[in-house]
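What follows is each chain in one-letter form.
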Amino acid sequence: GYELNSVLKNIFKIKKKQFIILIDEWDALFRLDKDNVTLQEKYISFLRSLFKGSNAEEFVALAYITGILPIKKYGGESALNNFKEYTVAEPLLMTEYIGFTEDEVKKLCDEYDMDFSEMHDWYDGYKFYNFNKNDNSYTHIYSPNSVCNAIDNRRYKDYWVSTETYESLKLYISLNFEGLKDDIITMLACGKVKADVGLFTNDLVSFGSKDEVLACLVHLGYLAYDAKTEEVFIPNKEVRTVFERAIKTSKEFSPVMKALTASEQLMKYTLEKNADKVAEAVATAHANATSIKKYNDENSLSCAITLAYYVAMNDYELIREMPSGVGFADIVFLPRSGVVDKPVLVVELKCDKTATTAFNQIKDRKYGDHLKDYTGKILLIGINYDKDDKNKIHTCVIEELEKTE
């Protein structure tokens, strides 16, 4: 690095022209040879010697470095702190350039006769808060690789095809940090969790906390990050598919997989309005999905219910605590655009009450009235369990409504 620095300085003195230096995939060493700490340190030393100091300021007009990971940090300080850094956690003014914007994807779907709602479900979810605006808005970004593959192949699917992808994700989510597995389960159930993404040191090996793991998954694209709320979450259907594959062979998540694989049967019972079978299936899902999380609280039951209805994500948009004007429904499943043969599912969860209490609360709050733009069938589903009963009895009541206007 020092030698190259001197050579470039001497050329500049002769030619009187500054250099523009471009480095693509600067982080390849950290991703592909992540255990070779000696090589990584030499590489960082090379970059530091090339770009730091008065010499570099003299002969470098612009240095532009791209990669997945932020610049490596040592002791909380960037090894190259004279750069302006834009990351997927905080892209700032570069937001619209890190992927396809929603408007660009809509135009592509129109041009190639593709269903935008499907494209949205599969590849949207990376949203960035517009701090430079006062309208509380977000910019939505899509993965260019996935969108282009979907258009070329005329098929929506998971295009994260590398075997290493699943193995590395499985390794990260199985790390033994307190609360990490709980957070993964919450996100699989379409929830969000708080995370301090600034703690990441960027070497894919030296993780010291749960937040560092979550931050790593943000930079690798497995999680999205909301900078306004400081929460991370699984962004879309494509990445959920990657998570599903990663946990299939993970012993730590085998109870969760049991809940996911039983999902189709539960959905069948629900649409048949078979309340007894729904109650049995929910009890099993609750036991499986909460073997790691706390069993006796409504949040745990809500998480278990969402995992139990996991298959519904193919046809439904999930909304938690949907405003009703009088109160909140715990979970509402709204049919996605283009899905015409499925009813809305409104679920109220109770602990140590009765299923009838939960059901009556749905009717009293008039959740159906809130769905003013929806006409069709609505299933009201009240679920309760008795946390003190040794058998953990679950009960369920289901009623169908028809909204015609």
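Here the residue numbering is sequential within each chain, running from 1 through the sequence in written order. Since the coordinates come from a predicted model, pLDDT governs what is reported: local features require at least 70, and pairs of side-chain atoms require 80 or more to be given and counted, while whole-chain, interface and lining totals use all residues. Hydrogens and water are ignored here; the side-chain numbers use all heavy atoms of the structure.

Think of it this way: any DSSP run of H or I at least four residues long counts as a helix, any run of E at least two long counts as a strand, and we number them from the N terminus. What the protein contains, in helices and strands, is 17 helices and 15 strands. Out of the 405 residues in the protein, the part that is buried amounts to 49%. For the area figures, the Shrake-Rupley method with a 1.4 Å probe applies, and any residue is considered shielded solely by the protein chains shown. Entry remark: accessible area of the protein is about 20,600 Å², with carbon and sulfur atoms responsible for 49%. Three labels apply to residues, based on accessible area from a 1.4 Å probe with only protein chains included: buried if under 20% of the type maximum, exposed if over 50%, partly exposed otherwise in between.

In short, DSSP must find at least two bridges between two strands for them to pair. As paired strands, strand E5 (residues 100–101) and strand E7 (residues 138–142) are joined by 2 bridges and run antiparallel to one another. Of the residues in E7, the one forming a bridge with Phe100 is Tyr142. Sheet analysis places strand E6 (residues 126–129) next to E7, joined by 4 bridges and oriented antiparallel. Looking across to E7, one finds that Tyr129 is bridged to Tyr138.

Here the focus is the nonpolar core. Core analysis: the biggest nonpolar cluster contains 65 residues, and Ile173, Leu188, Leu223, Val232, Phe243 and Leu307 have the highest contact counts within it. Tallying contributions element by element places helix H10 (residues 210–219) first for this core, with 6 residues. Contact partners of Leu188, with chain neighbours within four places excluded, come to Ile234, Phe243, Ile247, Val256, Leu307 and Tyr310. Grouped together as the second largest cluster of nonpolar side chains are 28 residues, Leu266, Ala275, Ala308 and Leu379 included. In this text, buried Ala, Val, Leu, Ile, Met, Phe, Trp, Tyr and Cys residues form a nonpolar core when linked through side-chain atoms within 4.5 Å. The criterion used for residue contact is that any of the two residues' heavy atoms lie within 4.5 Å.

With axes taken as lines fitted to C-alpha atoms, and helix axes fitted only over the stretch in contact, angles between N-to-C directions fall between 0 and 180 degrees. Across the interface, helix H9 (residues 180–188) lies against H10 with an axial gap of 10 Å and an inter-helix angle of 40 degrees. In terms of orientation, H9 and H10 fall into the oblique class. Every residue of H10 that contacts H9 at Leu180, Asp183 and Met187 is listed here: Lys210, Val213 and Leu214. Geometric relationships in this document are graded by angle, where less than 35 degrees denotes roughly parallel, more than 145 denotes roughly antiparallel, 65 to 115 denotes roughly perpendicular, and other angles denote oblique.

All right, on to a nonpolar patch on the surface then. Patch criteria: residues need more than 30% relative accessible area and no salt bridge. Like-charged residues are merged within 9 Å; nonpolar side chains of Val, Leu, Ile, Met, Phe, Trp and Tyr are merged within 5 Å. For this analysis, a salt bridge means a side-chain nitrogen from Lys or Arg found within 4 Å of a carboxyl oxygen belonging to Asp or Glu. Nonpolar side chains collect at one region of the surface, where Leu4, Val7, Ile11 and Phe46 lie side by side and expose about 280 Å² of accessible area between them. The element that contributes the greatest number of residues to the nonpolar patch is helix H1 (residues 2–15), accounting for 3 residues. Counting through the fold element by element, Leu4 comes out in helix H1. With a relative accessible area of 34%, Leu4 lands in the partly exposed category.

A few words now on the sheet that holds E7. The strand order E5-E7-E6 describes an open sheet built from 3 strands, whose pairing is antiparallel. Every other strand in the sheet has two partners, leaving E5 and E6 as the edge strands with one partner each. In the packing of helix H6 (residues 116–123) onto the sheet, the strands contacted are E6 and E7, and the crossing angle to E7 comes to about 90 degrees.

Turning our eyes to something else, we now look at the pattern of salt bridges. Once the charged atoms of two side chains with opposite charge are near each other, the side chains can pair. Enumeration over the complete set of coordinates arrives at 11 salt bridges. For the salt bridge of Asp27 with Arg31, the shortest nitrogen-to-oxygen distance reads 3.1 Å. Taken together, the shared-partner salt bridges connect Glu25, Asp27 and Arg31 into one network.

This part is about the packing of helix H5 (residues 102–111) against H6. Any two packed helices are characterised by how steeply their axes cross, that is the angle between the axes, and by the distance between the axes. Running from amino to carboxyl end, H5 crosses H6 at an angle of 135 degrees, the nearest separation of the two axes being 10 Å. One finds that H5 runs oblique with respect to H6. Here the hand of the crossing between H5 and H6 comes out right-handed. Here Glu102, Val105, Lys106 and Cys109 of H5 lie close against H6, whose contacting residues are Phe116, Met119 and His120. In this classification, Asp, Glu, Lys and Arg are treated as charged, Ala, Val, Leu, Ile, Met, Phe, Trp, Tyr, Cys and Pro as nonpolar, and every other residue, Gly included, as polar. Residues of the contact of H5 with H6, tallied by class, amount to 4 nonpolar, 1 polar and 2 charged. Here is the rule for handedness: rotate from the far helix to the near one, and if that takes an anticlockwise turn smaller than a right angle the crossing is left-handed, while a clockwise turn gives right-handed.

Reading across the sheet, the 3 strands line up as E8-E10-E9 and stay open at both edges, with antiparallel pairing between neighbours. Of all the strands in the sheet, just strand E8 (193–194) and strand E9 (224–226) have a single pairing partner and so form its edges. As paired elements, E8 and strand E10 (residues 231–233) share 2 bridges and run antiparallel to each other. Bridge assignment links Lys194 to a residue of E10, and that residue is Glu231.

Position of Thr306 relative to the elements: it lies in helix H15 (residues 298–308). By relative accessible area, which is 0% here, Thr306 ends up buried. Each residue touching Thr306, except ones within four places of it in the same chain, is listed here: Ala189, Met313, Leu318, Arg320 and Ile331.

Time to look at the environment of Asn288. Structurally, the position occupied by Asn288 is in helix H14 (residues 275–289). C-alpha of Asn288 to C-alpha of Pro255: the two residues are 33 residues apart in sequence and 4.7 Å apart in space. In contact with Asn288, other than residues within four places in its own chain, are Pro255, Val256, Lys258 and Ala259.

Here we take up the confidence of the model for the protein. Predicted confidence across the protein gives a mean pLDDT of 84, with 89% of residues reaching 70 or more. Note: pLDDT gives the predictor's confidence per residue, expressed from 0 to 100. Taken element by element, the protein is modelled with least confidence in helix H17 (residues 367–370), mean pLDDT 61, and with most confidence in H5, mean pLDDT 97.

Before going further, it helps to examine the state of the cysteines. Pairs of cysteine sulfur atoms within 2.5 Å are what we label disulfides. Applying the stated criterion across every chain yields a total of 0 disulfides. Of all cysteine sulfurs, the one in Cys303 lies closest to Cys190, which takes part in no disulfide; the gap is 9.8 Å.

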